[in-house]
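# What the coordinates show
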Amino acid sequence: MTDARLARLALAAIFIYHGLVPKLLLRDATELQLLDAHGLPHGLLALAGAGEVLLGLLIMLLRQQRWPLYVAQVALLVLLVDVAVFAPALLTQAFNPLTLNLAGLVLGVIALRGHPAQPMPR
């Protein structure tokens, strides 16, 4: 297995786990606090979780496609900025969004670097 393939699988696992466990199965209090910080209903937690699981599956299953990796990169950056603005105290906790998102971003870069470039359409 190549480093790029391993990075892709690890990134997919991160999205699947974080969509499934703290959002869909356990409804983690921190996840609910983030929704509260935006004034959003708690019902959106399931939608966010399903979206993360779906993105993880797309990253894993669409091995020849680069776009799920780009979507993940944008999502990780946007979500990190969002936490920094709306819940900056989370950035100092153990296993925090800063370290998790940085690791995810690096995994995405490794996966993209190992993916063959697509020819430009004419």
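Note that the coordinates shown come from a computational prediction; the quantities given were computed from them, not determined experimentally.

This paragraph deals with the overall build of the protein. Along the protein, the regular secondary structure elements total five helices and zero strands. Written out in order from the N terminus, the α and β elements of the protein read α-α-α-α-α. At 15 Å, the protein has a C-alpha radius of gyration in line with the 14 Å of a compact globule built from 122 residues. Across its three principal axes, the protein shows a C-alpha extent of roughly 45 × 30 × 25 Å. Residues counted as buried form 33% of the 122 residues belonging to the protein. Accessible surface computed for the protein: about 7,600 Å², of which carbon and sulfur atoms make up 71%. Looking at the protein, you have 8 positive and 6 negative side-chain charges, and the mean spots of the two groups are 18 Å apart.

Okay, helix 2 (residues 29-38) next. Among all positions in helix 2, only Glu31, Leu32, Leu34 and Leu35 are buried. Along the axis of helix 2, the buried residues cluster in a sector spanning 155°; they form a single face. Where helix 2 is buried, its residues meet helix 1 (3-25), helix 3 (44-61) and helix 4 (67-86). Sitting at the head of helix 2, Asp28 places a side-chain oxygen 3.0 Å from the backbone nitrogen of Thr30. Following helix 2 by one or two positions, Gly39 adopts a phi angle in the positive range, close to 70°.

What follows concerns the side chain of Arg66. Among the secondary structure elements, Arg66 is positioned in the loop between helix 3 and helix 4. Put simply, Arg66 is tucked away with no salt bridge, and the nearest opposite charge, on Asp3, sits 15 Å away.

Time to look at the nonpolar core. Judged by nonpolar contacts, the single largest core of 13 residues is most densely connected at Leu11, Phe15, Leu55, Ile59, Leu69, Ala72 and Leu76. Counting only elements with at least two residues in this core, the list comes to helix 1, helix 3, helix 4 and helix 5 (97-113). Residue contacts for Leu69: discarding those within four places in its chain leaves Arg8, Leu11, Ile59, Ala111 and Leu112.

Note on pairing: side chains with opposite charge can pair once their charged atoms come close. Under the defined criterion, the tally for this structure stands at two salt bridges. Between Glu31 and Lys23 there is a salt bridge, with its nearest N and O atoms 3.1 Å apart. Residue classification places Glu31 among the buried residues on the basis of a relative accessible area of 16%. A salt bridge links Lys23 to Glu52; the nearest nitrogen and oxygen atoms lie 2.6 Å apart. Placement of the pair is Lys23 in helix 1 and Glu52 in helix 3, with a sequence separation of 29 residues. For the pair Lys23 and Glu52, one class covers both residues: buried. A single salt-bridge network, built from bridges that share partners, covers Lys23, Glu31 and Glu52.

Our next topic: the side chain of Glu31. Among the structural elements, Glu31 can be located in helix 2. For Glu31, the residues in contact, after removing those within four places along its chain, are Pro22, Lys23 and Leu45.

Definitions and cut-offs
Residues numbered from 1 in each chain as written. Predicted model: local features only at pLDDT ≥ 70, side-chain atom pairs only at ≥ 80, totals over all residues. Heavy atoms only, no water. Helix = DSSP H or I, 4+ residues; strand = E, 2+ residues; numbered from the N terminus. Rg over C-alpha atoms; globule rule 2.2 N^0.38 Å. Buried < 20%, exposed > 50% of the residue type's maximum accessible area, 1.4 Å probe, protein only. Areas by Shrake-Rupley, 256 points an atom, 1.4 Å probe, with all protein chains shown as cover. Lys, Arg positive; Asp, Glu negative; His and termini not counted. Charge placed at Lys NZ, Arg CZ, Asp CG, Glu CD. Arc of directions from axis to C-beta. Contact = heavy atoms within 4.5 Å. Polar contact = N/O pair within 3.5 Å; in protein donor to acceptor, adjacent residues only side chain to side chain. Salt bridge = Lys/Arg side-chain N within 4 Å of Asp/Glu carboxyl O. Core = buried A, V, L, I, M, F, W, Y, C linked by side-chain atoms within 4.5 Å.

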